[in-house]
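One letter stands for each residue in the lines below.
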Amino acid sequence: MYFLVVGEHYPTPKYPILGIFPADQARALHNAGYPVIYAAVDIRSYRRKRKFGITYEIKDGMEIYSISWPVGAIPRNIKLGLAGLAFERLYTRIVKDKGAAPLLIHSHFIDSSVAVYKTAIKYKIPFFVTEHSSSLNKEELNPQIAKDASEVYSTATRLITVSSALANRIKQHLGFDSIVIPNIVDLSIFHYQERQSISENFNFVSTGHLAYGKGHDILLKAFKLHLKTYPTSRLIIFGAGEEQNNLEKLAQNLEINNIVDFRLLQPREILAETYNKCEAFVLLSRGETFGASYIEAMASGLPVIATRCGGPEDFVIPETGLLVAMDQVNEAATALTTLRDDFTNYDRQAIANYARQNFSASAVANRVVEVYQEAIPDLEKKLGKQKSK
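Residues numbered from 1 in each chain as written. Predicted model: local features only at pLDDT ≥ 70, side-chain atom pairs only at ≥ 80, totals over all residues. Heavy atoms only, no water.

Visitor: Tell me about the overall build of the protein chain, residues and numbers included.
Guide: Check the secondary structure of the protein chain and you find 13 helices and 14 strands. Scaling as 2.2 N^0.38, a compact globule of 389 residues should have a C-alpha radius of gyration of about 21 Å, and the protein chain matches this with 22 Å. Projecting the C-alpha coordinates of the protein chain onto the three principal axes gives extents of approximately 65 × 45 × 40 Å. The buried share of the protein chain, taken over its 389 residues, is 52%. In the protein chain, once contacts between residues fewer than 6 apart in sequence are set aside, the share between residues at least 24 apart is 70%. (Helix = DSSP H or I, 4+ residues; strand = E, 2+ residues; numbered from the N terminus. Rg over C-alpha atoms; globule rule 2.2 N^0.38 Å. Buried < 20%, exposed > 50% of the residue type's maximum accessible area, 1.4 Å probe, protein only. Contact = heavy atoms within 4.5 Å.)

Visitor: For the side chain of Thr289, give the residues involved together with the corresponding values.
Guide: Tracing the chain through its elements places Thr289 in the loop between β12 (280-283) and α9 (292-299). Here Thr289 falls in the buried class, since its relative accessible area comes to 11%. Reaching out from Thr289, the side chain makes a polar contact with the backbone oxygen of His132 at a distance of 2.8 Å. The contact partners of Thr289, leaving out residues within four places of it in the chain, are His132, Ser133, Ser134, Asn137, Val162, Ser163, Leu166, Gly310 and Gly311. (Polar contact = N/O pair within 3.5 Å; in protein donor to acceptor, adjacent residues only side chain to side chain.)

Visitor: Could you give an account of the side chain of Ser112, with specific residues and numbers?
Guide: Mapped onto the elements of the fold, Ser112 is located in helix α3 (residues 110-122). Note on Ser112: relative accessible area 14%, which makes it buried. When near neighbours in sequence (up to four residues on either side) are disregarded, Ser112 contacts Gly7, Glu8 and Ser107.

Visitor: How would you summarise the sheet that holds strand β11 (residues 260-264) if you had to cite specific residues and measurements?
Guide: Strands sit in the order β11-β10-β9-β12-β13-β14 across an open sheet of six strands; the sheet is parallel. Only two strands of the sheet have a single partner each, and these edge strands are β11 and β14 (321-324). Sheet twist, expressed as the mean angle between neighbouring strand axes with direction ignored, is 20°. Of the strands in this sheet, β9 (203-207), β12 and β13 (304-307) touch α9, which is tilted by about 165° from β13. (Pairing = 2+ DSSP bridges. Axes fitted to C-alpha atoms, helices over the stretch in contact; angles between N-to-C directions.)

Visitor: Tell me about the packing of helix α11 (residues 348-359) against helix α12 (residues 361-375), residues and numbers included.
Guide: Close contact between α11 and α12 brings their axes to 5 Å; oriented N to C, the two are set at 35°. Between α11 and α12, the residues in contact are Arg356, Gln357, Asn358 and Phe359 and Ala361, Ala363 and Val364, respectively. The residue inventory of the contact of α11 with α12, partitioned by class, reads four nonpolar, two polar and one charged. (Nonpolar A, V, L, I, M, F, W, Y, C, P; charged D, E, K, R; others polar.)

Visitor: Lay out the sheet that holds strand β7 (residues 158-161) with the relevant residues and their values.
Guide: In spatial order, the strands read β3-β4-β2-β1-β5-β6-β7-β8; together these eight strands make up an open sheet with mixed pairing. Across the chains shown, the open sheet's two edge strands, defined by having one partner strand only, are β3 (53-59) and β8 (179-180). Across two bridges, the pairing between β7 and β8 is parallel. The residue bridging Ile160 from the neighbouring strand is Ile179, located in β8. Its contacts with the sheet put α12 on β1 (3-7), β5 (104-108), β6 (127-131), β7 and β8, and the angle it makes with β7 is roughly 160°.

Visitor: Go over the pattern of salt bridges with me, naming the residues and quoting the values.
Guide: Throughout the structure, instances matching the rule amount to 21 salt bridges. Its salt-bridge partner being Arg93, residue Asp97 comes within 2.9 Å of it at the nearest N-O pair. Here Asp97 pairs with Arg93, and both are found in helix α2 (residues 76-98), just four residues apart, close to one helical turn. On the accessibility criterion, Asp97 (40% relative accessible area) is partly exposed. Of the charged contacts, one joins Glu139 and Arg169 as a salt bridge, the two residues approaching to 3.4 Å between their closest N and O atoms. On the criterion of sequence distance, the pair formed by Glu139 in the loop between β6 and α4 (143-155) and Arg169 in helix α5 (residues 164-174) is long-range, its members being 30 residues apart. (Salt bridge = Lys/Arg side-chain N within 4 Å of Asp/Glu carboxyl O.)

Visitor: Please give an account of helix α10 (residues 329-341) that cites residues and values.
Guide: Counted at 1.5 Å a residue, the expected span for α10 with its 13 residues is 18 Å, and the 18 Å between its end C-alpha atoms agrees. Residues Ala332, Ala333, Ala335, Leu336, Thr337, Leu339 and Arg340 constitute the buried set of α10. Looking at the buried residues of α10, the elements they touch are β9, α6 (216-226), β12, β13 and β14. (Expected span 1.5 Å × (residues − 1).)

Given below as structure tokens:
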């Protein structure tokens, strides 16, 4: 018996982010000693060059099955219908190779779950869903997405959501209860480092795609106001995206371009090294279902400033940082100043410990297995000797 974890892709050096959340969970379960197979249903455009059909490989010590059916830009309902056919073909191949059906199927995100649930029903396999999708964390839902979600969630053995805000939205719009378990955040390179003193220039750092939704425009305007109180503060921004030119022009117009350092995309190792030289992290998003960037910063011992935007409310508590309203320049500026005023009151080691205790791979994997065990009371018996001790 084995667990089948499903995503749209398994991360590669070329596409390191695509599929990262289900892949992280699969690896965490595998590293905890559970038999896991990862199934990727890749229906991206043919422009994403890769081998078509079904492939098999072993990565990170785990079996990976992938099916590639490039369909490109077609209507969503047709695209997901084809994804469902692709998954059933892949499922059949896996069962044939392993000589047995999976003990359970665990899919992530609404689109992958739409592709999976009919096969789970057909073969009577317990079916778990972890929902991350920002499309379900809105004041109003797209009618087709709402319909798909209702169909999928009504068949799921258990529904998991990655934040309380997303759980509340789904309950509000669709009436389904869920279990909140955060995303796994790879904290292997983010560590607290003791420092003798703060930097001469108090360094705020921000990491996020340079897009409207990440609120960097609000941050720049707030930082300009903050400088009136603390002219020695500095701001480092990691990221790239469609708003890069606009943000750089805004910094020039605000006359802070010599104080704000845009460092574009950088490897995570560079982020970790920089975090250890900074005092605080700030990201003023207009919407998050979780927020891995905050957790990486906290694991480095940085207090954070975040918006009440859906995800950070679960982990930004008085001991770890400050929450502000979205799109509020003056409130954000006050938070920057307050955090600098109170910086020595934050226990940076405790912030790092909090991040690891709640969001590390082992912590989240244990919580996921608890959900499996509650839904499948004889889980360990069915696994038999396959789980390593």
